[in-house]
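The chain contents come next:
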Amino acid sequence: MKQDNYKIAIIPARGGSKRIPRKNIKLFFDKPIIAYSIEAALESGLFDEVMVSTDDEEIAEIAIKYGAKVPFLRSEKNSDDNATTVDVILEVLNQYKSVFNINYSLGCCIYPTSPLIQIDHLKEGYELLKSFNYDSVFPIVAFSYPVWRGLQINEDNLVSMEWPEYYNSRSQDLKPLYHDAGQWYWFDSEILKAEKKLFMKNSYGFILDENQAQDIDNEIDWKLAELKFNLNNYK
């Protein structure tokens, strides 16, 4: 079954988090952090299917409790540290096609540790993807300090500028650079299958404010996410 506007939300959440054990289901205030991604996807009304890709039975149970589908567990091959997000997405799309004969033309990968996610942003991302035929759309955030004035350190701990030509440049005169916000990625499934990457030639960067995103890799990041969550009055 193929529909031109059939949309799937894929939330990749394996069980093997090392820096923050069981990170994907750790309580963020009053509920597992993955619940925020699931609920945003469901409440947006954008998707025909909201599913969680996991290798972990407990994560699967919690995902189902909060309304997501877990029609199959992730393969062992795509559950180790070497598997990429694209590997997981492609596995999901292929499984739906081979097992259920459903071909999703559009998808959105939503990371499970995205409590700052906003439904309006998901909707805007979808409209941008459709209206301008982008290959993918995803949120980005400006670096808080110009990377052009970055320093490198040698084996003696002596510092030098990575780009010395900017030594006398004022910070405000340097063009901003951005990084992936690590929240969600709208994509055209056929293009993703061909390119096998999320950042493509025709990818649009949806700019977020610094307080609207937080990468969570350690306990300090977790605390920062909680502070931003309260600052944004999400709770």
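What you see is a predicted model, and the numbers here were worked out from it, not measured in a lab.

Below, the discussion takes up the pattern of salt bridges. Tallying each qualifying case throughout the model produces 10 salt bridges. The partner of E49 in a salt bridge is K69, and the shortest N-O contact between them spans 3.5 Å. Note that E49 is positioned in strand β4 (residues 49–53) and K69 in the loop between α2 (57–65) and α3 (85–100), a separation of 20 residues in sequence. You can call E49 buried: its relative accessible area is 12%. Salt bridges sharing partners connect three or more residues here, namely R22, D56 and E58.

A word on the environment of T113. For T113, the position within the fold is in the loop between β5 (103–110) and α4 (119–132). For T113, a relative accessible area of 12% corresponds to the buried category. Residues T113 and T84 lie 29 residues apart in sequence; the distance between their C-alpha atoms is 16 Å. Leaving out residues up to four positions away in the same chain, T113 has contacts with K23, N24, I33 and I216.

Bringing the packing of helix α1 (residues 34–44) against α4 into the picture now. Across the interface, α1 lies against α4 with an axial gap of 9 Å and an inter-helix angle of 60°. With respect to α4, the element α1 is oriented oblique. Note on packing geometry: the crossing formed by α1 with α4 is right-handed. Here A40, A41, E43 and S44 of α1 lie close against α4, whose contacting residues are I119, L122 and K123.

Quick notes on the rules
Residues numbered from 1 in each chain as written. Predicted model: local features only at pLDDT ≥ 70, side-chain atom pairs only at ≥ 80, totals over all residues. Heavy atoms only, no water. Salt bridge = Lys/Arg side-chain N within 4 Å of Asp/Glu carboxyl O. Helix = DSSP H or I, 4+ residues; strand = E, 2+ residues; numbered from the N terminus. Buried < 20%, exposed > 50% of the residue type's maximum accessible area, 1.4 Å probe, protein only. Contact = heavy atoms within 4.5 Å. Axes fitted to C-alpha atoms, helices over the stretch in contact; angles between N-to-C directions. Parallel < 35°, antiparallel > 145°, perpendicular 65-115°, else oblique. Left-handed = near helix turned anticlockwise from the far one by under 90°.

Taken by themselves, the reported measurements are silent on function.
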